[in-house]
Amino acid sequence: MMINGFTFGSLGKIAIISMFLFPLLGVILGVKGKNGVGKWLLSLLNVIALITIGYLLLLGFGMGES
């Protein structure tokens, strides 16, 4: 998307917020789900996604490796 010059226009802040909200919602739904391996797998994958998105945003704003 960066190479093609794709932009969200005025929806940039909404896109960044939704990148955090969807994995966070997945963690909440995973914890509230039925007991089993799938519950913890869903929670773990969403936590990993949340950490990765946060780190990539920090890198994008130049604060990840200072």
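Just above sits the structure.
Cut-offs used in this document
Residues numbered from 1 in each chain as written. Predicted model: local features only at pLDDT ≥ 70, side-chain atom pairs only at ≥ 80, totals over all residues. Heavy atoms only, no water. Helix = DSSP H or I, 4+ residues; strand = E, 2+ residues; numbered from the N terminus. Expected span 1.5 Å × (residues − 1). Buried < 20%, exposed > 50% of the residue type's maximum accessible area, 1.4 Å probe, protein only. Contact = heavy atoms within 4.5 Å. Patch = residues over 30% accessible without salt bridge, like charges linked within 9 Å, V, L, I, M, F, W, Y side chains within 5 Å. Areas by Shrake-Rupley, 256 points an atom, 1.4 Å probe, with all protein chains shown as cover. Salt bridge = Lys/Arg side-chain N within 4 Å of Asp/Glu carboxyl O.

Peer 1: What is the right way to read helix α2 (residues 37–60) from this model?
Peer 2: Residues lying three or four places apart along an α-helix face the same way, a consequence of the helix completing one turn every 3.6 residues. For α2, which comprises 24 residues, the first-to-last C-alpha distance of 34 Å matches the rise-based estimate of 34 Å (1.5 Å per residue) to within 8%. Among the residues making up α2, those that are buried are Lys39, Ser43, Asn46, Ile53, Gly54 and Leu57. Elements in contact with the buried residues of α2: α1 (12–32). In the segment just after α2, glycine 62 is the residue with positive phi, at about 85 degrees.

Peer 1: Would you mind going over the environment of valine 27 with me for this structure?
Peer 2: Relative to the helices and strands, valine 27 is located in helix α1. Sequence separation between valine 27 and asparagine 46 is 19 residues; the distance between their C-alpha atoms is 5.7 Å. Excluding residues that lie within four positions of it along the chain, valine 27 makes contacts with Ser43, Asn46 and Val47.

Peer 1: Just to check I follow, could you spell out the side chain of asparagine 46 for this structure?
Peer 2: Tracing the backbone shows asparagine 46 in helix α2. Asparagine 46 sits in the buried class, given a relative accessible area of 14%. Those residues in contact with asparagine 46, other than ones at most four positions away along the chain, are Pro23, Gly26 and Val27.

Peer 1: Any chance you could explain a nonpolar patch on the surface here in plain terms?
Peer 2: Together, Val37, Leu41, Leu44, Leu45 and Ile48 make up a nonpolar patch on the protein surface, roughly 500 Å² of accessible area in all. With respect to the helices and strands, leucine 45 occurs in helix α2.

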